[in-house]
Amino acid sequence: MKSLRDHFLRIDARSLGLFRITFGLVLIADLFARWRWVRDFYSNEGVLPNHNHLFNLRGKQQVFSLLHAFSTVGEAHFAFALALVVYALFLLGYRTRVFHVLALVTLTSLTSRNILLENAGNYAAIALLAFTAFLPCGNRFSLDSLRASLALRDEQRDTELNDRSRVSDAEIAAERLPGWSPTSLAALAVMLQLALIYLCTALQQRGEAWRDGTAFYYALHAERLASDAGIWLRDALPLGTLRGLTFGTWAMQLAIPALLFVPALFRWTRGVAAALMLVHGLILGIFFDLGMFGWALAAAAPLVLPGELSDVYERSWNERRARTIVYDADCGLCLMLCRLIKRLDLRGHVAFQGNVALDELYVRNQTGATELVPMPKEVTAELVEQTVLAIDRNGRVYTKGAAVTEGLLALPFGWLAWPLKLPGISHLLDLLYDVVAKRRHHISVLLGKQACGIPLFDESHADGDDEGAAPGTPAPAVRVARLVLGSLREVAVLVVLAAMLAQTAKENPLPGAAAVPQGRVLAGVASWPRMMARWDVMAPEPPRSNALLVIDGQTRAFKPIDPLTGEEPRLQPAGHPGARLGQLWSDYLDRVRRPEYSDFQRAFRDYLAKGGPLAADGAREMALSGYDAYWVSAPTPAPGAPAPATFEREKLFSHSRGGTGKLGERMPPLAPGLVRPNKSN
């Protein structure tokens, strides 16, 4: 039963911490992608002013966004700066629960500020943030866990720094120390959410292109779906390879849910599922413009990693990365940094030694024990008074900045410190080290540490009666409070889970979905945070045509211009610069032309008249005296077939006196070579 419980109702704290880091990076990257268009999509000078958005949604959709309180471009920039702070603190794990919830509110606000920008990536990211908010994502690899660990053990000498004994699982659970993760329905809800995303996506991809393996071919030839890397890929790979990617990606979407729910006897299959999630997410994230969809799923891969894999990693040991740090035992700052390194050294590569006794050297071996070996001859009392030392297993001695670099190389992801070895950078590091080293005692005092004469460990506590004693059983009042809060947490998880299941059944045409009831309460729980659960990515198949919006406009100086490109208007769906505005513009332009979004066209027309996305800071020379808007599409040729000779054009609307009229006179042929069919095997 314990094995089944841990498999379905618990996520390892290390997996949660790694998820927080990867997901925080995705959130920050998404924020910067939106920040580029902050004037256009998030201010009253853009395509959708606050009042227009709220008025058109009144009584139609349940939408909440803090960004509705920010109107001008400057205010929008300020709001984005606040969002960056929230995401950064969530990434670092400072007051993790608070900033986790704030990150969820921030992402919901960004999504709800302009519903024409929504896509499956937003829905997936919000749902994953919502369910993981019920779990302790800050109990490992965070500032919170670091502070708790430093408070738990206050090492004062090198023998204590070299003590890597671990607190038992029972003690961790009793005091909820770093590494604690509860048994909760939230863990099951996270797995169900992930499984449903993959399963619903795969089951809706039922078009002929997915059956014959040409889905990636057509998707990569659609300018609004393919990224720059995807455009390169479609020309670099033969059709047979694209077919393999198509079938492989679809198969992964079916395999991952099955692997997630294999019984606990086969927990290692979770590692396979995590690897497939990473590969699947990177394929969609790198080669397609699908917003956060691929990246969010790739960032969620750590959630399914079993604790056994983390144990294997922490038990791994590489002799080439083993180092001994010889530090100034009389410096509070040095001791503080050594305590920090100890907690970052997950695999136990680093040993510590004060500069008091230099007859022998402490080194760590593969078993994790500390042993004594002869001290290298070049290590003298004068040297250790001048600099910190890093000594490897071969006896090589590194000083000053090089010692700092070697210490970093011993840590996880230490390879990131290799640039510090480059000439110039290493010299600057030495200079910086000298500046800090000369002032280390003064800095220690400023940090509240003793500059010298650090008191040794009080031998009266050697039996563990006071400090360092094992955590005891929580007080009865604490246990009752935990029981009440835990029960409320589980009830909240049940409500959100029920809302997610009902919303998934409503939005995805799956067998038996119509029989799942929703009701107003569950509908509100799903719609207010925009957990819309529409998993229709490239479903039932990618478009077989290349389409875009073309604006036939003229400035007040009668110059023909398309405000979406800055060039003369041309009806060329493929290779059109307007198609490279990015995912946000692709989603917006594809929606604003549709009848169901006609209420939002008035604001868009006014925005285009002012000059569109290229009229930064309201430059008057970009303002239009009139224009005509066309939706232009050309069929994507079948693999190996020649490019089409013609394309379709639909006039959407006109503004003022209209455009130049040149695009409406005749139907010009498609320029040859702009849509190049992929070579076949």
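Residue positions are given per chain, counting from 1 as you read along its sequence in written order. Two thresholds apply to this predicted model, a pLDDT of at least 70 for residue-level local features and 80 or more for giving and counting side-chain atom pairs, whereas whole-chain, interface and lining totals are computed over all residues. Think of the side-chain values as coming from all heavy atoms in the structure, minus any hydrogens and water.

Caption draft 1: A look at the overall build of the protein chain. Helix and strand definitions here come from DSSP, where helices need a minimum of 4 consecutive H or I residues and strands a minimum of 2 consecutive E residues; each element is numbered from the N-terminal end. Helix and strand content of the protein chain: 27 helices and 10 strands. With respect to the three principal axes, the spread of C-alpha positions in the protein chain is 95 × 60 × 55 Å. Residue burial is assigned from relative accessible area. The probe radius is 1.4 Å, only protein chains are included, and a residue is buried under 20% of its type maximum, exposed over 50%, and partly exposed in between. Out of the 681 residues belonging to the protein chain, those deemed buried represent 51%. The contact criterion used is simple: two residues touch if any of their non-hydrogen atoms lie within 4.5 Å. A separation threshold of at least 6 residues defines the contact pool for the protein chain, and within that pool the share at least 24 residues apart is 74%. As displayed, the protein chain offers around 30800 Å² of accessible surface, 62% of which is attributable to carbon and sulfur atoms. Working convention for charge: Lys and Arg count positive, Asp and Glu count negative, and His plus the chain ends are omitted. Charge positions are represented by NZ for Lys, CZ for Arg, CG for Asp and CD for Glu. Measuring between centres, the 71 positive side-chain charges of the protein chain sit 7 Å from its 64 negative side-chain charges. Accessible surface area values rest on a Shrake-Rupley calculation with a 1.4 Å probe, where residue burial reflects the displayed protein chains alone.

Caption draft 2: Here's a closer look at the sheet that holds strand 7 (residues 545-555). In this scheme, strands are said to pair when DSSP sees at least two bridges between them. Reading across the sheet, the 4 strands line up as 8-7-9-10 and stay open at both edges, with antiparallel pairing between neighbours. On the outer flanks of this sheet lie strand 8 (560-561) and strand 10 (648-656), each paired with one strand and no other. As paired elements, strand 7 and strand 9 (residues 624-635) share 11 bridges and run antiparallel to each other. Bridging across to strand 9, Thr 555 finds its partner in Leu 624.

Caption draft 3: Representation of the sheet that holds strand 5 (residues 389-392) within the structure. Across the sheet, 4 strands lie side by side as 2-1-5-6; this open sheet has mixed pairing. Only two strands of the sheet have a single neighbouring strand rather than two, namely strand 2 (350-354) and strand 6 (397-399). With strand direction ignored, the average angle separating the axes of adjacent strands in the sheet is 25°. In the packing of helix 21 (residues 400-409) onto the sheet, the strands contacted are strand 1 (323-327), strand 5 and strand 6, and the crossing angle to strand 6 comes to about 115°. Axis definition: a line fit to C-alpha positions, over the contact stretch in the case of helices; interaxial angles, taken between N-to-C directions, run 0 to 180 degrees.

Caption draft 4: Representation of the environment of Pro 542. Mapped onto the fold, Pro 542 is located in the loop between helix 25 (519-527) and strand 7. With a relative accessible area of 2%, Pro 542 lands in the buried category. Expressed as a C-alpha distance, the spacing of Pro 542 and Leu 409, which sit 133 residues apart in the sequence, is 46 Å. Ignoring anything within four residues of it in the chain, the contact list for Pro 542 reads Ala 209, Trp 210, Ala 215, Tyr 218 and Ala 219.

Caption draft 5: Fine view of a nonpolar patch on the surface. On the surface, Leu 199, Leu 203, Trp 250 and Leu 254 cluster together to form a nonpolar patch covering roughly 280 Å² of accessible area. At the level of secondary structure, the elements contributing two or more residues to the nonpolar patch comprise helix 11 (185-204) and helix 15 (239-260). By the secondary structure assignment, Leu 203 is in helix 11. Overall, the relative accessible area of 34% leaves Leu 203 in the partly exposed class. A residue counts toward a patch only above 30% relative accessible area and without a salt bridge, and it is joined to like-charged neighbours within 9 Å or, for Val, Leu, Ile, Met, Phe, Trp and Tyr, to nonpolar neighbours within 5 Å. A side-chain nitrogen of Lys or Arg and a carboxyl oxygen of Asp or Glu constitute a salt bridge if their distance falls within 4 Å.

Caption draft 6: Representation of the pairing of strand 2 within the structure. With respect to burial, strand 2 is a largely interior element, 5 of its 5 residues being buried. A two-sided burial pattern is seen for strand 2, the buried positions comprising Val 350, Phe 352 and Gly 354 on one face and Ala 351 and Gln 353 on the other. In the sheet, strand 1 pairs with strand 2 via 5 bridges, with the strands oriented parallel. Opposite Thr 324, over in strand 2, you have Ala 351 as the bridge partner. The handedness of the strand 1 to strand 2 crossover, carried by helix 19 (residues 332-344), is right-handed. Crossovers are described as right-handed under a simple rule: with the strands pointing away from the observer, the path leading from the first strand over the helix to the second runs clockwise.

Caption draft 7: Structural view of the packing of aromatic side chains. Side-chain rings of Phe, Tyr and Trp (the six-membered ring for Trp) are treated as a pair once their centres are within 6.5 Å; stacked means planes under 30 degrees apart, edge-to-face means over 60, and tilted covers the remaining angles. Counted by the stated rule, this structure contains 19 aromatic pairs. On the basis of an interplanar angle of 35° and a centroid distance of 5.0 Å, the ring pair of Phe 19 and Phe 23 is categorised as tilted. With a gap of 4 residues between them, Phe 19 and Phe 23 both fall in helix 2 (residues 13-35), about one helical turn apart. Overall, the relative accessible area of 0% leaves Phe 19 in the buried class. A cation sits over an aromatic face here: Arg 544 above Tyr 218, 4.5 Å from the ring centre. Working rule: Lys NZ or Arg CZ, within 6 Å of ring centre, within 35 degrees of ring normal, means a charge sits over the ring.

Caption draft 8: Region of the structure containing the side chain of Asn 355. Tracing the backbone shows Asn 355 in the loop between strand 2 and strand 3 (360-364). Within the local environment of Asn 355, its side chain forms a polar contact with the backbone oxygen of Val 384, the two atoms lying 3.5 Å apart. In this structure, Asn 355 is in contact with Val 326, Tyr 327, Asp 328, Ala 329, Val 384 and Glu 385, ignoring residues within four places of it in sequence. Polar contacts, as counted here, are pairs of nitrogen or oxygen atoms within 3.5 Å of one another; within protein the pair requires one atom able to donate a hydrogen and one able to accept it, and residues that are adjacent in sequence qualify only if both atoms are side-chain atoms.

Caption draft 9: Representation of the pattern of salt bridges in the model. In total, this model carries 32 salt bridges according to the counting rule given. One salt bridge connects Asp 587 with Arg 224, and the closest N-O pair in it is separated by 4.0 Å. One end of the pair, Asp 587, is in helix 26 (residues 583-592); the other, Arg 224, is in the loop between helix 13 (215-220) and helix 14 (228-236), and 363 residues separate them in sequence. Judged by relative accessible area, Arg 224 falls into the partly exposed class, the value being 27%. Through salt bridges with shared partners, one network takes in Asp 12, Arg 14, Arg 140, Arg 166, Asp 311 and Glu 314.

Caption draft 10: Inspection of the nonpolar core at higher detail. Residues Phe 293, Trp 585, Tyr 588 and Phe 604 are the most contacted members of the largest nonpolar core, which totals 129 residues. With 11 residues, helix 11 is the largest single contributor of residues to this core. The residues contacting Trp 585, other than those within four sequence positions of it, are Trp 37, Asp 40, Phe 41, Val 47, Leu 564, Phe 604, Tyr 607 and Pro 613. Throughout this description, the term nonpolar core refers to a set of buried Ala, Val, Leu, Ile, Met, Phe, Trp, Tyr and Cys residues connected via side-chain atoms within 4.5 Å. Leu 161, Cys 338, Val 350 and Ala 390 belong to the second largest nonpolar core, which has 17 residues in total.

Caption draft 11: Expanded view of the environment of Gly 566. Residue placement: Gly 566 occurs in the loop between strand 8 and helix 26. Since its relative accessible area comes to 34%, Gly 566 is described here as partly exposed. Between the alpha carbons of Gly 566 and Pro 613 there is a distance of 9.2 Å; along the sequence they are 47 residues apart. Beyond its immediate sequence surroundings of up to four residues, Gly 566 is in contact with Ile 561 and Leu 614.

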